[in-house]
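Residue-level structural notes
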Amino acid sequence: MRPKRLAVGAALWTVAALARAERIADMDAGGAGWVDQAYRFLQMSDPSVRLGAGGSLLLGVLCGALGSFIVLRGLSLIGDTLGHAVLPGVAVGFLAVGAKAPGPIFIGAMAAGAAAAGCMSVATRYSRVKPDAAMGIVLSGFFGLGIVLLTRIQKMPSFGNQSGLDKFLFGQAAAMNAGDLVWLASVAALSLAVIWVFFKQFAAVSFDEIYAHSIGIPIRLFHWILMFMLTAAVVVSIKAAGVVLVSAMLVIPASTAYLLTDRLPHLTLMSAAIGAFSGLMGSFISFLGPGLPTGPLMVLCASFLFALAYGFSPRHGLLTRMMRRRANRKRTALEDALRELLGGGAVEPGVGAALVRQGFAQGGGGNLRLTEEGRARAERIRRNRELWELYLTREAEIAPDHAQEDSEEIEHVLGAEIVQRLEEELKKGRAE
Amino acid sequence: MNDLIPPFDWTRVFVEQWTGAANIDASFWVVATGALAAISCGIVGCFLILRGMAMIGDAVSHAVLPGIAGAFLLSESRASFPMFLGAAVVGVLTAALIEAVYKSSRIKADASMGVVFPALFAFGVLLISLMADKVDLDQECVLYGEIAFVPFEARAEWFGWTAGPESTMVLLCAALVVIGGVVLFYRPLLIASFDPQLATSMGVSAAVVHYGLMTVLSLTVVCSFEAVGAILVIAMLIAPGATAYLFTDRLPTMLWISAGHGLFCAFAGWHLSVWLDCSTAGAMAVVGAGLFFAALVVSPRHGLLSRLTRRVQLARRVAEENALGTLYRSQEEGGDSIASASLAELLGVSAGGAKRVFRRLRRKGWAVQDGAGTLALTKAGMGRAAQLLRAHRLWETLLSNEVGLPDDHLHSAAHLLEHYIDEETLKALSDTLGNPSVDPHGRPIPKVD
Amino acid sequence: MIPAIETHNLTVSYSKRPVLWNVDVAIPPGRLVGVIGPNGAGKSTLLKTTMGLLPASSGWVKIFGKPIKEARRRVAYVPQRESVDWDFPVTALDVVLMGRYGRLGWFGRLKASDRQAAQEALQKVGMEAFARRQISNLSGGQQQRVFLARALAQETDVYLMDEPFVGVDAATEKAILELLSELRERGKTVLVVSHDLDSARRNCDDLLLLNMRVVAYGAAKEVFTPPLLQKTYGGRLTILSDAADAVWEAER
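Just so it is clear, the model here is predicted, and its values are computed rather than measured.

**Focus on a negative patch on the surface**
Negative charge collects at one region of the surface, where D422(B), E423(B), E424(B) and D242(C) lie side by side. Counting through the fold element by element, E424(B) comes out in helix α20 (residues 423-432). The exposed category is assigned to E424(B), whose relative accessible area is 66%.

**A short note on the interface of chain C and chain A**
Opposite the 45 residues of chain C that make contact, chain A presents 39 residues. Of the roughly 3,500 Å² buried between chain C and chain A on both sides combined, carbon and sulfur atoms contribute 59%. The largest share of the area that chain C buries against chain A comes from F88(C), P89(C) and W106(C), three residues that together contribute 19% of it. Residue R263(A) is joined to D94(C) by a salt bridge in which the shortest nitrogen-to-oxygen separation is 2.9 Å. Along the contact surface separating chain C from chain A lie 13 residue pairs in polar contact (both at pLDDT 80 or more). Those elements that place two or more of their residues in the side of chain C that touches chain A are α3 (92-98), α4 (101-104) and α6 (140-153) of chain C. With five residues, α6(C) is the largest single contributor of residues to the side of chain C that touches chain A.

**Re the sheet that holds strand β1 (residues 5-14) of chain C**
The sheet built from three strands is open, its strands ordered β2-β1-β4 (chain C) with antiparallel pairing. The two strands at the open ends of the sheet, each matched to only one other strand, are β2 (17-27) and β4 (58-63) of chain C. This sheet shows a mean twist of 25 degrees between the axes of neighbouring strands, independent of strand direction. Two elements, β1(C) and β2(C), share seven bridges in a ladder whose sense is antiparallel. Paired with S13(C) across the two strands is P18(C), which belongs to β2(C). Set on the sheet, helix α19 (residues 407-417) of chain B makes contact with β1 and β2 of chain C; between it and β2(C) the angle comes to about 170 degrees.

**Comments concerning the environment of L54(C)**
Residue and element names in this part refer to chain C. With respect to the helices and strands, L54 occurs in the loop between α1 (43-50) and β4. Placed 26 residues apart in sequence, L54 and Q80 show a C-alpha to C-alpha distance of 16 Å. The residues contacting L54, other than those within four sequence positions of it, are V12, Y14, T45, K48 and T49.

**Observations regarding the interface of chain B and chain A**
Accessible area lost upon the coming together of the parts serves often as the stated size of an interface. Chain B puts 64 residues into the contact, and the matching count from chain A is 69 residues. For the pair chain B and chain A, the summed buried area comes to about 5,600 Å², and 73% of that belongs to carbon and sulfur atoms. A per-residue breakdown of the area chain B buries against chain A is headed by M55(B), R106(B) and L130(B), which together make up 12% of the total. Scanning the region where chain B abuts chain A turns up three salt bridges. Where D249(B) meets R128(A), a salt bridge forms, and the shortest distance between an N and an O atom there is 2.6 Å. Contributing elements (two or more residues each) for the side of chain B that touches chain A: α3 (54-63), α5 (81-104), α6 (109-130), α7 (139-144), α12 (233-245), α14 (280-298) and α15 (304-332) of chain B. Broken down by element, the side of chain B that touches chain A gets its largest block of residues, 15 residues, from α6(B). The class makeup of the residues in the side of chain B that touches chain A is 43 nonpolar, eleven polar and ten charged.

**Some remarks on the sheet that holds strand β9 (residues 214-219) of chain C**
All names here are of chain C. The strand order across the open sheet built from six strands is β5-β6-β7-β3-β8-β9, with neighbouring strands paired in mixed fashion. In the strand order of this sheet, the two ends are held by β5 (75-78) and β9, each with one partner. Each strand axis lies, on average, 15 degrees off the axis of its neighbour in the sheet, ignoring direction. Direction of pairing for β5 relative to strand β6 (residues 158-161): parallel, over a ladder of four bridges. Among the inter-strand pairings, V78 is bridged to a residue of β6, identified as M161.

**Points about the packing of aromatic side chains**
One pass over the structure, following the stated rule, counts 20 aromatic pairs over all chains. Each ring, one from F170(A) and one from F121(B), has its centre 6.3 Å from the other, and the planes form 35 degrees; the classification is tilted. With F170(A) in helix α8 (residues 167-170) and F121(B) in helix α6, the pair connects residues from two separate chains. Exposure remark for F170(A): the relative accessible area of 3% places this residue in the buried category. Geometrically, the ring pair formed by F198(A) and F222(A) is edge-to-face, given 5.5 Å between the ring centres and 65 degrees between the ring planes. Placement of the pair is F198(A) in the loop between α9 (178-197) and α10 (199-207) and F222(A) in helix α12 (residues 219-241), with a sequence separation of 24 residues. Among the aromatic residues, those joined into a ring-pair cluster are F69(A), F198(A), F199(A), F202(A), F222(A), W106(C) and F107(C).

What counts as what
- Residues numbered from 1 in each chain as written.
- Chains lettered and ligands numbered in written order.
- Predicted model: local features only at pLDDT ≥ 70, side-chain atom pairs only at ≥ 80, totals over all residues.
- Heavy atoms only, no water.
- Patch = residues over 30% accessible without salt bridge, like charges linked within 9 Å, V, L, I, M, F, W, Y side chains within 5 Å.
- Areas by Shrake-Rupley, 256 points an atom, 1.4 Å probe, with all protein chains shown as cover.
- Salt bridge = Lys/Arg side-chain N within 4 Å of Asp/Glu carboxyl O.
- Lys, Arg positive; Asp, Glu negative; His and termini not counted.
- Charge placed at Lys NZ, Arg CZ, Asp CG, Glu CD.
- Helix = DSSP H or I, 4+ residues; strand = E, 2+ residues; numbered from the N terminus.
- Buried < 20%, exposed > 50% of the residue type's maximum accessible area, 1.4 Å probe, protein only.
- Contact = heavy atoms within 4.5 Å.
- Buried area = accessible area lost by both parts, 1.4 Å probe.
- Polar contact = N/O pair within 3.5 Å; in protein donor to acceptor, adjacent residues only side chain to side chain.
- Pairing = 2+ DSSP bridges.
- Axes fitted to C-alpha atoms, helices over the stretch in contact; angles between N-to-C directions.
- Nonpolar A, V, L, I, M, F, W, Y, C, P; charged D, E, K, R; others polar.
- Phe/Tyr/Trp six-rings, centres within 6.5 Å; stacked < 30°, edge-to-face > 60°.

Without other data, these values stay purely geometric and don't point to any function.
Written out as structure tokens, the structure reads:
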């Protein structure tokens, strides 16, 4: 467990160092100290803090919950494309009313998202260009158009240079106003309600589209509902998370949860929780210093959690799997030694000592004998090994990860029925 | 709102930009920089597209940002050697990391990409905003570069000779490296992109080609960073190759077309941005994507228009052939020749439609109309119709004998197929059936010589 | 008697390329039917079209005299095992419970009776001990049994199974065969796509020989004859696929 502690320590240190680096920049800039800012944030009495924090939290929940289906359905990159592609819609929505009103911006961005989805499907359907290239073109073309509009607006005399639209690029939670929050909350409430009510349909469609169709679930409809919710979530999130990185808030929390659980409802809940935590942390840190964009900070928090899960998830973590494998190897060596002794053979002194330590053997050197307990265990191991071999030769069809599984758990893996049958065959084989 | 699109003034947008030494200088270097970026990215992009790795280009172009920012922080200058090294290393690492994450866990390839590059990009943005007051590198530059400032950069001194602006010269080197690389390693690249297994069997290591491509990709992206930023570079990576792919099946042609695409984007993008007074790189990206969608419509082989034309032609031919068959059958039965009014009814189309079909038949010399308005096939028309009827009736025979269809199903199936069969299949069909002379309904199968 | 499955002049095309030609077949209820034919003969296509998963370009399919849209509650479909991502975060029981979704309607929630039915279905395929296991931790045969259990949980009259015997161990194969005969005894109609000719002949009541068109349909003993098998597996009708290619080429 030591490497785990080390890694946690290193991670905490990195966060601290980042906070410190920020502090230096902040002090130099001459703004309020980060300690004061942190105090202000934690007090939650300032309405702009409450709006920003509430918005980021909601955003995290919404993107996290939706993201679980986006990731399972393999739509991660579509999310990225739509995230970038809504930018011209934001600009047009702004132009239409000449102010940053959330309503027109929402409508404009949704329209841009729909147009981008349409362009993608036209490009893949009516040409031989593959979906990933189509995504690349739509992403960059729409984003380029957005940049053209944005830079144009900044130079338009009627708006001057004060549109503040650049906040949409990387996000600024503190810039959220009550109107933004109302839109975000409505979309979140509606989306979460849809997910809750139609959870079984989304689950079935994500797992096995063909089968879902066969039991009468309208798969196209649910696909488009999901895409619609995806675009809406992206659109209401960009104020706080930014156009460029909002899709990461869909993908990273869900991928993290995917490493932690094997149950779909848990995945969705966990992903929402991770999203909420990352969102809140992101807006907190960005509040500490001036000019710190919220989007990247949220994404970094989420990525940090992902890295932890990637390494240390109890079932699917890289390091945990490695350690499990090592423990397995150790046990196999021990079992081999026990069998060897049962058959009257000799074992290496190191292994012999380990056997004695665990009370499976007595004596030492060339005169190593099994204890009562050791003999019983050795016999059980021999029987299970034989059963396994028989099973593998006879029925030779087994999920790959079982080959390494605990040989003492044979009943658990194969089921009592099969083991019983195997045992009978084994007896028959011996009798002949 | 009204001033969103300024009036288009040819003199201001084009002529003025290319008159006077200062203006020419500025236009030239902007267009040259954009074109060099688009050409080198476009060539690399062709291989990305052919290998189905377009989104890897997206990922790497985002992910080099921390490399660029880190090197910036260390060397406190732009366009320095550490910057290229830092970014190239990060770029290759990104590709490796994406692969490692999906190979070593249950995360799928697309999600792995969606986790790795935003994380790196976010880190880069954070670095830049933390050191905003120290180094001259801002968030806007990350997003869309500063190509309009290129002409004002210090000129590179090469062996005492004053060359162009530094960014342009760096891009020139990148373009030369890319073109040289493609020329030198054309064959392994082609084989490894087309058939990795064949490449391996011929001793071309797929991994070497892959990581070589990733290195060149990262280098190109870094060199283009100054000009177009980290995100719009995707337009230059993907749009030229994808557009070219709509026009040709051959790799060399594809490379040439994508280079031309890059050149045009740089030129048109520059003038678009002069007209609208907006980001030049953004305008170049818009032109690039616009060209792709234009090509999607007009490309002669794969375009929507040509597809539509082919559909229309096919539908016309089917209608003509149905009319021929109808006229032939009525003459075969020895009945009265058909009045032009009843043709529409027999074909199940509108009167106008039938008239149009008949006009086409007459123009081809297959049918005539006498003064009383009755229609008849000419000799040539009879020959063509006999061919059709032969196909139709042979199919009916096949479907009846071999497929065992009941008699009432035969006509509709054969009616569809008769339009698509070529001579060769027809002969094979006839041979298979033992050259029958009557169809299952007992009607004669016309012989054609 | 109304046939359990009836097709009339059914033609199915993939992007305009016909893969099944003018299929006419009527399968009476209570039969265990093996669908056999070479690769690319359209076996899976026939099943999918019957389920309404693929559109027919001409003709129709009826289940107990009704179009599939009105008869979904009476048919269960077992797709090929490779069609899903087995890393999906669900347990064996969750998968089987999906078999109940069809009868829950738009807003229904799972009830105790649904869980009961799912457990029973798992029991029938001998998988009750694995109910709580994530599905990637099951062997190929066990995964196939979970799929069968899901169809059983639908409690329908007709079962369409796409290659249930591919990649399963001997024990599972035996279990599936037992299940099939049990279903037949209960009067269910079962269509099984199979590659194993011998097993199909021995275990099925009827055989449907398919190669882009119906070569023969009838009692296993009657149609399992060398000439008919030759006609099914021999490449005599390359003309059909040539014509399909020509149509596709022209319509592209």
